[in-house]
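Below are the chains, spelled out letter by letter.
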Amino acid sequence: MIKTTFLNLNETKRNAIISAAKKEFASKSLHEASINQIIKDAEIARGSFYNYFDDINDIYFYILDNFRNKMDVVMEKSLIKSNGNIFTTFIDMFDFIVEFTKDEENKSILKNFFLNMSHTNKNYLLEKPDLNKMHERINSIKGLINIKILKISDPKELMVVIEILFETLINTVMQYFMSNTEINHARNQLIKKIEIIKYGAYKEE
């Protein structure tokens, strides 16, 4: 858990710690990352680190929270721009990830995150098992989704569709990082998958 002592630090010192942590997570996975290296680069005492965080997970997910918050903004803006088209929104989110990872450090951090994807990491992206948070996020944008273009109207079914789209986005990004797939190819593959979700694969007799 991020402690208020960290949030209350002056911006310069707080940014120095974040920069040191980002540098470490860009070169190593969470499992391999070292608190010693972070405190060395940030020029703080080990005791100070534990005054700010319970453990290394806190600073790791704090950095990822900033990324996910940006994703939330993209999602909301895209829904407004597309008149609630949830399918277009997930393509826009992929485009944002591509743009975000033009910065080499951001790319390395996300690449390490996705390539070392564990059950915990995946749950973090989808905010499971904390379904209350997931429902809060969906409820905050639910009013922006154009239900009229969907075959469903039940909120629970809408949640399932959104989870499937998230899974599809995550898997596409993972493949992009794992195989160094050309961006346009990865994007086109995502579009094809979303089209199948959008229209369904079953042909009625």
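Scroll up to find the structure this text is about.
Structural notes, computed from the coordinates. The shown structure was predicted, so the numbers you read here are calculated from the model rather than taken from an experiment.

1. Structural notes on the pattern of salt bridges
Throughout the structure, instances matching the rule amount to seven salt bridges. Its salt-bridge partner being Lys28, residue Glu24 comes within 3.1 Å of it at the nearest N-O pair. Take Lys28: its relative accessible area is 29%, and that puts it in the partly exposed class. Here Glu99 makes a salt bridge to Lys102, at a shortest N to O gap of 3.0 Å.

2. With respect to unusual backbone geometry
Here the phi dihedral of Glu43 falls at roughly 60°; this positive angle occurs in a residue that is not glycine. In this fold, Glu43 is placed in the loop between helix H3 (35-42) and helix H4 (46-52). The class for Glu43 is exposed, based on a relative accessible area of 70%. Not every positive phi belongs to a glycine, and Asn83 is a case in point at roughly 60°.

Cut-offs used in this document
Residues numbered from 1 in each chain as written. Predicted model: local features only at pLDDT ≥ 70, side-chain atom pairs only at ≥ 80, totals over all residues. Heavy atoms only, no water. Salt bridge = Lys/Arg side-chain N within 4 Å of Asp/Glu carboxyl O. Buried < 20%, exposed > 50% of the residue type's maximum accessible area, 1.4 Å probe, protein only. Helix = DSSP H or I, 4+ residues; strand = E, 2+ residues; numbered from the N terminus.

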